[in-house]
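Coordinate inspection notes
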Amino acid sequence: MGTWATDAFGNDYAMDWAQDLHEYKTLELVETTLDNVIDSQEAELEAPFAAEALAALEVIARLQGQPGEGEDDPATAEVDEWVAACKKKVTPPLLEKARLAFERITAESSELRQLWQDSEHFADWQADVAALRTRVLGQEAA
């Protein structure tokens with residue numbers, strides 16, 4: 001996996017997912033991506049699914065007016081354009097899926113977590129995921 005940053009769009013899987021987002025006019029891809037993580041029957045959540053789900057969670061945060069620090073990042077400008085054009089609201093059921101996805105992504109059985117845990121940037125990744133969780137779920141996440 002090509003990874004260059006700890007934020008949600010700091011890897012190839014997430015950027016590829018973001019390109020696919022433009023084919024959708026609804027939150028279907030966001031929801032399907034979270035469902036892939038939540039409904040996975042595998043003992044270990046594979047890193048690509050977790051990375052894509054973090055990108056989907058970042059979209060949810062932005063839809064709620066909670067962009068991260070990289071909001072003016074040229075790499076995510078197309079995501080921001082999609083969010084600005086999206087007329088769909090984030091619903092309580094989608095937020096519940098978000099909560100469940102965060103649990104899977106940060107669990108010991110997450111390959112993405114394991115990969116970050118084996119790196120010198122694990123604490124930074126954890127902090128970025130925690131900040132994203134707070135932006136998506138609000139104070140309940142803290």
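Residues numbered from 1 in each chain as written. Predicted model: local features only at pLDDT ≥ 70, side-chain atom pairs only at ≥ 80, totals over all residues. Heavy atoms only, no water.

A word on the overall build of the protein chain. Secondary structure assignment for the protein chain yields seven helices and zero strands. For the protein chain, the sequential pattern of α-helices and β-strands runs α-α-α-α-α-α-α. Against the 2.2 N^0.38 benchmark of 14 Å for 142 residues, the protein chain shows a C-alpha radius of gyration of 14 Å, consistent with a compact globule. Across its three principal directions, the C-alpha atoms of the protein chain cover 40 × 30 × 30 Å. Considering the protein chain as a whole, with its 142 residues, one finds that 40% of them fall into the buried category. Within the protein chain, residue pairs in contact and separated by at least 24 positions form 68% of the contacts whose partners lie at least 6 positions apart. Split by element, the accessible area of the protein chain, about 7,600 Å² in all, is 48% carbon and sulfur. Taken together, the 11 basic and 30 acidic charged side chains of the protein chain have centroids lying 10 Å from each other. (Helix = DSSP H or I, 4+ residues; strand = E, 2+ residues; numbered from the N terminus. Rg over C-alpha atoms; globule rule 2.2 N^0.38 Å. Buried < 20%, exposed > 50% of the residue type's maximum accessible area, 1.4 Å probe, protein only. Contact = heavy atoms within 4.5 Å. Areas by Shrake-Rupley, 256 points an atom, 1.4 Å probe, with all protein chains shown as cover. Lys, Arg positive; Asp, Glu negative; His and termini not counted. Charge placed at Lys NZ, Arg CZ, Asp CG, Glu CD.)

At a closest axis distance of 10 Å, the pairing of helix α1 (residues 12–21) and helix α2 (residues 28–38) adopts a crossing angle of 140°. The chirality of how α1 crosses α2 is right-handed. Counted together, Trp17, Asp20 and Leu21 of α1 and Leu29, Val30 and Thr33 of α2 form the full contact between these two elements. (Axes fitted to C-alpha atoms, helices over the stretch in contact; angles between N-to-C directions. Left-handed = near helix turned anticlockwise from the far one by under 90°.)

Before going further, it helps to spend a moment on the packing of aromatic side chains. Evaluation of the coordinates by the stated rule reveals two aromatic pairs. For the ring pair Trp116 and Trp125, a centre distance of 6.4 Å and an interplane angle of 10° mean the geometry is stacked. With respect to burial, Trp116 and Trp125 carry one shared label: buried. (Phe/Tyr/Trp six-rings, centres within 6.5 Å; stacked < 30°, edge-to-face > 60°.)

Core analysis: the largest hydrophobic core is formed by 41 residues, its most contacted members being Trp17, Leu54, Leu57, Val59, Ile105 and Val136. Sorting the residues of this core by element identifies α1, α2, α3 (47–63), α4 (77–85), α5 (92–106), α6 (111–117) and α7 (122–137) as the ones contributing at least two each. (Core = buried A, V, L, I, M, F, W, Y, C linked by side-chain atoms within 4.5 Å.)

The subject of this paragraph is α2. Residues Leu29, Val30, Thr33, Leu34 and Val37 constitute the buried set of α2. All buried residues of α2 fall inside an arc of 135° around its axis, so they share one side. Looking at the packing, one finds that the buried side of α2 touches α1, α3 and α5. (Arc of directions from axis to C-beta.)

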